[in-house]
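Structure assessment
Letter by letter, the chains look like this.
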Amino acid sequence: MGSLRGRDYISVVDLSPEELTTVLELSRDFKRRFYGGERVIPVLQGKTLMLIFQKPSTRTRVSFEVAMKQLGGFTVTANWTELQLGRGETVADTARTLSRYVDGMAARVYRHSDLVELAQYATVPVINALSDLEHPVQALADFLTIWEKKGRIAGVNIAFLGDGADNVAHSLILMAASLGANIRVGTAKGYEPLPRILELAEERARRSGASIDVVYTVEEAVRGADVVYTDVWVSMGQEAEAERRVRDLSPFRVTSEVMRLAKPDAIFMHCLPAKRGYEVVDEVIDGPWSVVWDQAENRLHTQKALLALLL
Ligand code: CP
Ligand code: NVA
């Protein structure tokens, strides 16, 4: 395995399974050191990360900003619309310009193709901070959490309930396939993961031994699961389809009864923000199964590791 320096991370599959494992191992190391009192590990002293947001964010924005500061670096954060991008300057010209100022960029965009273009023209690493297709930094925190809670990743059974074509679900599927975890997506007809994602996942699964299944009932998805994961039914940008999505995906709400179908020691995960009462009820997200706050915290530790390796 070569160095990760200078690489992009716009899809989980931009990194090999070994490289993803390296990021998770370093995340664990950074987390241990953080709790040992080393709040600042200045491996990126003098380096700057540009953060661009086309959509709102709480966790991603704050964890990236704090991560860079704890690594001794700086951040510049801007909304898409307040940059000249909002007035029509091209993504390519923006990438060329910003590459002269900063050492890396993370962008949250509507169209995944904008990230691909940003990475194509930037001469510094580009990280996907969420697109319509994937949320690969979320998947790093998810799998650090699974590793911590279950003591292993390979062979763990994950049930994802809800929108199968969700960005978070896509990255979760690709990460599971890469690292040998089994994933069953329980969704409604018409909400399956995109075929391209399933193909990429199958390719990785051939080597890791992971199984990837799409099923249409909660029972089939959740039975024997170690992890029950869900995300919102209406993602940012899908507000116009809200009524249809809520109607079609309602059977996949995570309730206590659903959690009791999984293994007795199953955990509940959600990338957040949650729409309480829709994809998950209070009793579950606030209940004994829930690890969502540890999961949110792990965004910080995993992004520190990712930044330290890429920048
Ligand atoms: N999970 C996640 O990316 O949260 P934000 O939208 O708050 O960044
Ligand atoms: N699927 C959600 C994830 C938010 C972190 C969305 O795209 O809105």
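Everything that follows concerns the structure shown earlier in this document.
Treat the numbers as computed from the prediction; the structure is a model and nothing was measured.

Glancing now at the environment of V232. Here V232 lies in the loop between β8 (227–230) and α9 (242–249). Not counting the four nearest positions on each side in its chain, V232 is found in contact with D166, H270, P273, K275 and E279.

Before going further, it helps to spend a moment on the site of ligand 2. Close contacts around ligand 2 come from L130, D166, N167, V168, D231, V232, S235, M236 and L272, and that covers them all. Here a nitrogen atom of ligand 2 sits 3.0 Å away from a polar atom, N or O, in the side chain of D166. Within the side chain of D231, a nitrogen or oxygen atom sits 2.7 Å from a nitrogen atom of ligand 2. Contact with the protein chains removes 95% of the 270 Å² of surface that ligand 2 exposes when unbound.

With the rule as written, the count across this model stands at three aromatic pairs. For the pair F34 and Y35, a centre-to-centre distance of 5.4 Å together with 80° between the ring planes defines the contact as edge-to-face. A relative accessible area of 56% places Y35 in the exposed class. Ring centres of W233 and Y278 lie 6.3 Å apart, and the angle between their planes is 80°; this geometry places the pair in the edge-to-face category. Residue W233 is located in the loop between β8 and α9, and its partner Y278 is located in the loop between β9 (267–270) and α11 (282–285); the two are separated by 45 residues in the primary sequence. What makes W233 buried here is its relative accessible area of 2%. Taking relative accessible area as the criterion, Y278 reaches 35% and is therefore assigned partly exposed. Sitting over the ring of Y216, K189 keeps its end group 4.3 Å from the ring centre. One residue, K304, lies across the ring of F30, its end atom 5.9 Å from the ring centre.

Looking at soluble globular proteins, one finds that nonpolar side chains tend to be buried together. Counting residues in each nonpolar core, the largest one holds 60 residues, and the members touching the most others are Y9, F143, I158 and L307. By residue number, the principal contributor to this core is helix α6 (residues 167–179), which donates nine residues. In this view, I158 contacts F143, I146, L172, A176, A181, N182, I183, R184 and V227; residues no more than four positions away in its chain are not counted.

Rules and cut-offs
Residues numbered from 1 in each chain as written. Chains lettered and ligands numbered in written order. Predicted model: local features only at pLDDT ≥ 70, side-chain atom pairs only at ≥ 80, totals over all residues. Heavy atoms only, no water. Helix = DSSP H or I, 4+ residues; strand = E, 2+ residues; numbered from the N terminus. Contact = heavy atoms within 4.5 Å. Near = heavy atom within 4 Å. Polar contact = N/O pair within 3.5 Å; in protein donor to acceptor, adjacent residues only side chain to side chain. Areas by Shrake-Rupley, 256 points an atom, 1.4 Å probe, with all protein chains shown as cover. Phe/Tyr/Trp six-rings, centres within 6.5 Å; stacked < 30°, edge-to-face > 60°. Buried < 20%, exposed > 50% of the residue type's maximum accessible area, 1.4 Å probe, protein only. Lys NZ or Arg CZ within 6 Å of the ring centre and 35° of its normal. Core = buried A, V, L, I, M, F, W, Y, C linked by side-chain atoms within 4.5 Å.

None of the figures reported here should be taken as evidence of function without further support.
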